[in-house]
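# Structural features, examined
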Amino acid sequence: MNDETLAKTASSAYDAALEVIATVEPRIAAATRQELADQRASLKLIASENYASPAVLLTMGTWFSDKYAEGTIGHRFYAGCQNVDTVESVAAEHARELFGAPYAYAQPHSGIDANLVAYWSILAHHIETPGLAKLGAKNVNELSEADWESLRAELGNQRLLGMSLDAGGHLTHGFRPNISGKMFHQQQYGTDPDTGLLDYDVVRAKAREFKPLVLVAGYSAYPRRIDFARMREIADEVGATLMVDMAHFAGLVAGKVFTGNEDPVPHAHVVTTTTHKSLRGPRGGLVLAQEEFAADVDRGCPMVLGGPLSHVMAAKAVALAEARQPAFRTYAQSIADNAKSLAEGFLSRGATLVTGGTDNHIVLLDVSSFGLTGRQAESALLDAGVVTNRNSVPADPNGAWYTSGIRLGTPALTTRGFGATEFDKVAELMVQVLSNTQPGTTSAGAPSKASYQLADGVADRVKAESAELLDAHPLYPGLDLA
Ligand code: DSN
């Protein structure tokens, strides 16, 4: 099928589906149409979002959703799982082939699930009685610090070292309020206060002193690549298991932009990812493991998970098949090239970037140089049709709610076909908005970290200029909903 015929077929499929949905709940059909219109009309720069293909999206809307299949391939706790077995096997096969991993587990529903499966697998691998019974015995929200202490004792008082949230790590990398920061004694490594870069010698020193069972590498807001061979050296030196969360940059690994030391798969014991970010698949998770961890990861259900989402596993298989096509490598390289153009676009206009630039898909803009908090910048940009998210910068004086940063990513607009010129223009438009935004005051006249004033006419001007870019690079071209 050529692209035009494919788009027409997808249009008919969606029109028919929405017509059926509207017979039951018209507001949901209308919101679904509106969401497409809104996504088409905005500059989506959220680093963790993308646009999956119609094939991936359509795969999720089937009767696989109706099937329970707890267990593993060929060994389920429900009858009639032969087709789910096919789905999960194909997804795992594509994941193994794409990433060159000895083992792949396609059941996690999300990145958090994937990380929990990984942590419990590592614990189960190292510790005979991981104390799961106690977790199930009580509502975890009611556990006191003493309960957690005794649970940790049962777990062997294990330790986890991960990247701190404000340096770009993720909640699930040992952040204290997250379960990963409660089930383990945790410590965090940050980035160099002058350069904003990861300092491997500091990670090594912390690891030597703390002796973690799990060393976590990976990030959700760090605009640089990581040398995973060095992280593995550190892990080996202290007898730790190296777990890499590649949720953000899985597409760059799949597309062979990150190779050698930058590819986590040959270096880590266990690798987790989501499938919906730069990998451009359905919303879900995936765990890859070296052979020695395969049996433990395979017990993700019942250890952490219940019934897998078979319709989503099917869509993972389709997305992974897409990522194995040569065009995906071109796409992945463009994500990284475009991030450089976006960063250059800001730097040439005098803006400040954390680490001074990027070499992955993320640009972290420090908006304090515009006199704004991240919250004010995010809101003003949204008024002008630019969708971003506010994010802490290292040692952020405004904390995690108001922040001083705006995190940007190129995967979504690269899918729309934006290139270097368009991303330079995006930087120009964003600088127009930010330099025309003033911080506001509270009702009592005090400085506010949330309110702001965007100069008259700027939002409309930026929206009009964005529309030219967006119209030239349509989202889901040919998909016309009646
Ligand atoms: N929420 C994802 C992100 O935006 O990076 C990570 O969980």
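The rules we used
Residues numbered from 1 in each chain as written. Predicted model: local features only at pLDDT ≥ 70, side-chain atom pairs only at ≥ 80, totals over all residues. Heavy atoms only, no water. Near = heavy atom within 4 Å. Polar contact = N/O pair within 3.5 Å; in protein donor to acceptor, adjacent residues only side chain to side chain. Areas by Shrake-Rupley, 256 points an atom, 1.4 Å probe, with all protein chains shown as cover. Nonpolar A, V, L, I, M, F, W, Y, C, P; charged D, E, K, R; others polar. Patch = residues over 30% accessible without salt bridge, like charges linked within 9 Å, V, L, I, M, F, W, Y side chains within 5 Å. Salt bridge = Lys/Arg side-chain N within 4 Å of Asp/Glu carboxyl O. Buried < 20%, exposed > 50% of the residue type's maximum accessible area, 1.4 Å probe, protein only. Phe/Tyr/Trp six-rings, centres within 6.5 Å; stacked < 30°, edge-to-face > 60°. Helix = DSSP H or I, 4+ residues; strand = E, 2+ residues; numbered from the N terminus. Lys NZ or Arg CZ within 6 Å of the ring centre and 35° of its normal. pLDDT = per-residue confidence, 0-100. Contact = heavy atoms within 4.5 Å. Pairing = 2+ DSSP bridges.

### Some remarks on the site of the ligand
Residues in contact with the ligand, as listed here, are Ser48, His170, Ser220, His248, Lys277 and Arg407. Here an oxygen atom of the ligand sits 2.7 Å away from a polar atom, N or O, in the side chain of Ser48. Here the ligand has 230 Å² of accessible area as a free molecule, and 62% of this is covered by the chains. Here the residues of the shell around the ligand are counted per class, giving no nonpolar, four polar and two charged.

### What to know about a nonpolar patch on the surface
A contiguous nonpolar patch, built from Tyr68, Phe77 and Tyr78 and spanning about 370 Å² of accessible area, is present on the exposed surface. With relative accessibility at 38%, the residue Tyr78 sits in the partly exposed group.

### Some thoughts on the packing of aromatic side chains
Counting across every chain of the model gives nine aromatic pairs. With 5.2 Å between their ring centres and 15 degrees between their planes, Tyr68 and Tyr78 make a pair best called stacked. Taken together, the residues Tyr68 in the loop between helix H3 (54-60) and strand E2 (71-72) and Tyr78 in the loop between strand E3 (75-76) and helix H4 (82-99) connect sequence positions ten residues apart. You can call Tyr68 partly exposed: its relative accessible area is 47%. Ring centres of Phe418 and Phe423 lie 5.9 Å apart, and the angle between their planes is 65 degrees; on these two criteria the pair is classed as edge-to-face. In terms of burial, Phe418 and Phe423 fall into one category: buried. The ring of Phe210 carries Arg159 above its face, with NZ or CZ at 5.9 Å from the centroid. Over the face of the ring belonging to Tyr331 we find Arg280, whose NZ or CZ atom lies 3.9 Å from the ring centre.

### Re the confidence of the model for the protein
Counting all residues, the mean pLDDT for the protein is 94, and 96% of those residues have values of 70 or more. Scored below 50 in pLDDT, residues 129-133 makes nine contacts in the model with residues more than four places away or belonging to other chains.

### With respect to the environment of Pro108
For Pro108, the location among the structural elements is in the loop between strand E4 (103-105) and helix H5 (111-126). Sequence separation between Pro108 and Trp120 is twelve residues, and the spatial gap between their C-alpha atoms is 13 Å. Aside from chain neighbours lying at most four places away, what touches Pro108 is Asp113, Ala114, Val117, Gly284, Gly285, Leu286, Val287, Leu305 and Lys316.

### What about the pairing of strand E5 (residues 159-163)?
With four of five residues buried, E5 is to be regarded as a mostly interior element. As defined by bridge partners, E5 adjoins strand E7 (residues 214-218) across two bridges and the pair is classed as parallel. By the bridge assignment, Leu161 is partnered in E7 with Leu215.

### Concerning unusual backbone geometry
The omega angle of the peptide bond from Cys301 to Pro302 is 15 degrees, so this bond is cis rather than trans. Non-glycine residue Lys211 carries a positive phi angle of around 50 degrees. Tracing the sequence through the fold places Lys211 in the loop between helix H9 (200-210) and E7. On the accessibility criterion, Lys211 (47% relative accessible area) is partly exposed. One non-glycine residue with positive phi stands out, namely Thr355, at about 70 degrees.

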